[in-house]
Amino acid sequence: MDMERYGSCGLAKSAVVKFSDVVGERSQQITGAVHEPKRQRKILLVIVCVAMLLDNMLYMVIVPIIPNYLETIRTYKLVYPPSTSNGTNGSLLNTTRKPVLERSPNPNEDIQIGVLFASKAILQLLSNPLTGTFIDRVGYDIPLLIGLTIIFFSTLTFAFGESYAMLFIARSMQGLGSAFADTSGIAMIADNYTEESERSKALGIALACISFGSLVAPPFGGILYQFAGKRVPFLVLSLVSLLDGIMLLIVISPFSSRTRQNMQQGTPIYKLMIDPYIAVVAGALTTCNIPLAFLEPTISNWMKETMNASEWQMGLTWLPAFFPHILGVYITVKLAAKYPNLQWFYGALGLVIIGASSCTVPACRNFEELIIPLCFLCFGIALVDTALLPTLAFLVDIRYVSVYGSVYAIADISYSLAYALGPIVAGQIVHNLGFVQLNLGMGLVNILYAPALLFLRNVWQMKPSLSERNLLLEEGPKGLYDTIKMEERKAAKKSHRSSAGNHSMSAGLVDSDQEDSSE
C-alpha cells in the first residue's frame with residue numbers, strides 16, 4: 001500500500017515538474033517574443049493608441065451624462081402650493097396645504113457645466129510645460145504609466161462621485177493624467193519610428209484612435225447611462241486603463257534596474273517655444289482645433305432652436321465625421337510617403353477646408369445638410385494634424401536633440417488651449433454676437449492662417465548633409481553636433497541589422513573551415 005502511494009506521489013511530482021517546465025518554457029518564449037524589437041514596437045504602438053482612445057473617450061463620454069446627472073443631484077426643498085379661494089367672497093377652500101418636495105433651481109448650472117468641461121483642458125494646459133520637461137529627463141515609459149494610473153483613479157472618481165465637487169476633481173485629475181499620457185505616448189511613437197514614412201503612418205494610427213474615441217464616446221456613454229446607470233461607462237473605461245497599464249508593465253518593465261547616464265539631454269521647452277518653425281506648427285494646431293472645440297458646446301442648442309433637432313440627432317451629430325477623418329489620415333500618410341516635402345501644403349489645404357466648412361455650418365437647415373460641412377471639417381483637421389505632428393519630430397531631429405517630450409508637450413498645449421477656451425468662451429460669443437458670427441470668425445481665422453505655413457516649405461529639405469553650414473551659423477556647434485549624432489544613431493541601427501546577417505555568414509564559413517581541417 002505504501003509502495004503504491006509512494007509511486008503515485010512520484011508520478012504526481014514528475015507531472016508537476018514537467019508542467020512547470022512547459023509553463024516556464026512557454027513564458028520564456030512569450031517574453032522573448034514580446035521583447036523582440038519589431039514586435040515590441042508594434043505592441044507599444046497598440047498600448048499608446050489604447051491610451052489615446054481611452055483619454056478621449058473619457059473626455060467626451062460625460063457630454064450626454066453630466067447635464068442630466070447634475071439635474072438629478074439637485075437639493076430638494078419643501079414647497080407649499082398656493083391657497084385657492086371660492087372666487088366670490090375670498091374665503092379659502094383649502095386652508096390645510098400639504099408641502100411638496102421640489103428640486104431647487106440652479107441658475108448657475110450652465111456656468112458649472114462649462115467650467116467642468118473646461119477644467120480638464122485648463123489643468124492639462126498648465127501641467128504640460130512641467131510634464132514635457134519630466135518626460136525628457138526620465139524617458140517615455142514611466143510618464144505613460146503615471147498618466148494611465150491617474151486616468152484610472154479619475155474614472156473611478158467619476159464612477160463613485162456623488163457631488164459636483166467630486167466630478168470637478170475627477171475632471172481635473174484627468175487633465176493631469178492626459179498631460180502625462182498623451183505627451184509621452186506621442187513622443188514614444190516618434191522615438192520608436194525614426195523613418196519619416198513609418199513615423200507618419202504610426203502617428204496617423206494614433207490620431208485615428210483619438211478621433212474614434214471622441215466621436216464614439218457620446219453614444220457609448222448615453223446608452224450605458226440610460227440603461228445601466230452612471231457608474232457603468234466609467235467602470236468600463238477604468239478597466240481598460242488598468243489592462244493597458246498592466247500591458248505596459250509587461251512589455252517595458254519601467255522600474256527595472258537600468259542606467260540613464262547615456263540618455264540624451266533634451267532641449268528645454270522654452271527654447272523650443274521660441275523656435276519660429278515650431279511656433280508656426282503650434283499655431284496651426286491650435287487654429288485648426290478651434291472650430292471643433294467651439295462647436296461642440298454650442299451646436300446642440302443651435303440645432304434645437306433652428307431645426308428642431310431631436311435628442312438622437314444631437315447625440316449623433318459628429319459620428320458620421322469619423323469616416324472622413326480616417327480618410328484624411330490615410331490620404332495624408334500616403335501623400336507624405338511619396339512627397340514629404342509638401343507636408344506644409346497638406347496642412348495649409350486642411351486649414352482652408354476647415355475655414356470653408358466652418359463658414360458653411362450656419363447655412364444648414366436640417367440634420368442631413370449639417371453632416372456635410374462637419375465631415376469636411378474633420379477631414380481638414382485630419383490633414384493638418386497628420387501632416388504637422390511628424391513635422392515637429394523632424395524639426396527636433398534636424399535642429400535640436402532627438403528627444404521629443406517637450407516638443408509634443410507644446411503640441412498638447414496647442415490642443416489644450418483650444419479646448420480650454422471652447423466651453424467658456426464659445427457660449428459668450430454666441431450670446432453676444434450670435435452663432436453665425438462665431439462660425440464666420442472661426443472660418444476666417446483658419447483661412448488667414450493657412451499662408452503662414454509657407455514658412456515651412458523648406459523644412460523637409462533641411463537634411464544634415466546639406467544644412468550643416470546653416471546650422472553652424474544659426475545654432476552654433478551644439479546644433480551641428482546633435483545633428484551628426486542623430487545621423488550616427490540612425491546609421492548604427494541600420495548597421496546593427498546588417499551585422500546580424502554578416503555574423504551568421506561568418507559563423508558558417510568558420511564551421512566549413514573546421515570541417516576541412518579535420519578531413
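Here the structure is a predicted model, which means the values were calculated and not measured.

Each value, and the rule that gives it
- Residues numbered from 1 in each chain as written.
- Predicted model: local features only at pLDDT ≥ 70, side-chain atom pairs only at ≥ 80, totals over all residues.
- Heavy atoms only, no water.
- Phe/Tyr/Trp six-rings, centres within 6.5 Å; stacked < 30°, edge-to-face > 60°.
- Helix = DSSP H or I, 4+ residues; strand = E, 2+ residues; numbered from the N terminus.
- Buried < 20%, exposed > 50% of the residue type's maximum accessible area, 1.4 Å probe, protein only.
- 1 Å grid on protein atoms, 1.4 Å probe; cavity = no way out; pocket = protein on both sides within 12 Å on 5 of 7 lines; lining within 4 Å.
- Points joined across faces, edges and corners; volume = space filled by probe spheres on them.
- Nonpolar A, V, L, I, M, F, W, Y, C, P; charged D, E, K, R; others polar.
- Contact = heavy atoms within 4.5 Å.
- Salt bridge = Lys/Arg side-chain N within 4 Å of Asp/Glu carboxyl O.
- Expected span 1.5 Å × (residues − 1).
- Bend = angle between axes of the 7 residues up to and from the residue.
- Patch = residues over 30% accessible without salt bridge, like charges linked within 9 Å, V, L, I, M, F, W, Y side chains within 5 Å.
- Areas by Shrake-Rupley, 256 points an atom, 1.4 Å probe, with all protein chains shown as cover.
- Lys, Arg positive; Asp, Glu negative; His and termini not counted.
- Charge placed at Lys NZ, Arg CZ, Asp CG, Glu CD.
- Axes fitted to C-alpha atoms, helices over the stretch in contact; angles between N-to-C directions.
- Parallel < 35°, antiparallel > 145°, perpendicular 65-115°, else oblique.
- pLDDT = per-residue confidence, 0-100.

### Section: the packing of aromatic side chains
Phase 1: Taken as a whole and judged by the stated rule, the model has 10 aromatic pairs.
Phase 2: Relative to F435, the ring of W302 has its centre 4.6 Å away and its plane inclined at 15 degrees; by these criteria the two rings are stacked. Of the two residues, W302 is situated in helix α11 (residues 299–306) and F435 in helix α17 (residues 435–449); the sequence distance between them amounts to 133 residues. Both residues of the pair, W302 and F435, count as buried.
Phase 3: Feature note: the residues F212, F322 and F323 constitute an aromatic cluster, connected by ring pairs.

### Quick word on empty space enclosed by the protein
Phase 1: What the rule picks out here adds up to 1 cavity of 30 Å³ or more.
Phase 2: Surrounding the largest cavity, 30 residues form its lining, N56, I210, N289, Y415 and Y419 being those nearest its centre.
Phase 3: Within the residue set of the lining of the largest cavity, elements represented by two or more residues are α2 (37–61), α4 (109–138), α6 (164–192), α7 (196–228), α10 (276–295), α15 (367–399) and α16 (405–432).
Phase 4: Of the residues forming the lining of the largest cavity, the biggest block, 6 residues, is contributed by α16.
Phase 5: Per-class residue counts for the lining of the largest cavity are 16 nonpolar, 8 polar and 6 charged.

### Quick look at the side chain of N289
Phase 1: In this fold, N289 is placed in helix α10.
Phase 2: Overall, the relative accessible area of 4% leaves N289 in the buried class.
Phase 3: For N289, the residues in contact, after removing those within four places along its chain, are I381, D385, Y415, A418 and Y419.

### Topic: the pattern of salt bridges
Phase 1: As enumerated under the stated definition, the model contains 4 salt bridges in all.
Phase 2: A salt bridge links D55 to K120; the nearest nitrogen and oxygen atoms lie 3.7 Å apart. Remark: K120 occurs in helix α4 and D55 occurs in helix α2; sequence separation between them is 65 residues.
Phase 3: Relative accessible area serves as the criterion here: at 6%, K120 is assigned to the buried category.

### Here we look at α6
Phase 1: With 29 residues, α6 extends 41 Å between its outermost C-alpha atoms, agreeing within 8% with the 42 Å of an ideal straight helix rising 1.5 Å per residue.
Phase 2: Where α6 bends most, the angle comes to about 30 degrees, and this point is S178.

### Let's talk about helix α13 (residues 322–338)
Phase 1: The first and last C-alpha atoms of α13 sit 25 Å apart over 17 residues, in line with the 24 Å expected at 1.5 Å per residue.
Phase 2: On its buried face, α13 is in contact with α7, α14 (343–360) and α15.

### Notes on a positive patch on the surface
Phase 1: On the surface, a cluster of positive charge is contributed by K38, R39, K42, K201, K334 and K338.
Phase 2: Among the elements of the structure, α2 and α13 are those that each provide at least two residues to the positive patch.
Phase 3: Tracing the backbone through its elements, the reader meets K334 in helix α13.

### Some points on the environment of D182
Phase 1: In this fold, D182 is placed in helix α6.
Phase 2: Classification of D182 as buried rests on a relative accessible area of 10%.
Phase 3: Taking the C-alpha atoms as reference, D182 lies 9.9 Å from N128; in sequence the two are 54 residues apart.

### What about the packing of α7 against α13?
Phase 1: In the contact formed by α7 and α13, the axes pass within 9 Å of each other and the chain directions differ by 175 degrees. With respect to their mutual orientation, α7 and α13 come out roughly antiparallel. For the pair formed by α7 and α13, the contact residues are S197, S200, K201, G204, L207, A208, S211, F212 and L215 on the first element and F322, H325, I326, V329, V333, A336 and A337 on the second.
Phase 2: Within the contact of α7 with α13, the residues separate by chemical class into 10 nonpolar, 5 polar and 1 charged.

### Quick look at the confidence of the model for the protein
Phase 1: Looking at the protein, the pLDDT average stands at 76 and 70% of residues meet or exceed 70.
Phase 2: With pLDDT under 50 throughout, residues 499–519 is counted as low confidence; its partners more than four residues away or in other chains account for 0 contacts.

### What to know about a nonpolar patch on the surface
Phase 1: Side chains of L327, Y330, I331, L335, Y339, L342, F345 and L349 sit close together on the surface and give an oily, nonpolar patch of about 700 Å² of accessible area.
Phase 2: Among the elements of the structure, α13 and α14 are those that each provide at least two residues to the nonpolar patch.
Phase 3: Of the residues forming the nonpolar patch, the biggest block, 4 residues, is contributed by α13.
Phase 4: Mapped onto the elements of the fold, L342 is located in the loop between α13 and α14.
Phase 5: Since its relative accessible area comes to 30%, L342 is described here as partly exposed.

### With respect to the environment of A190
Phase 1: Within the secondary structure, A190 is located in helix α6.
Phase 2: With a relative accessible area of 0%, A190 lands in the buried category.
Phase 3: Linking A190 and F394, residues 204 residues apart in sequence, is a C-alpha distance of 9.1 Å.
Phase 4: If near-sequence neighbours (up to four positions away) are discounted, A190 is found in contact with R199, A393, Y404 and Y408.

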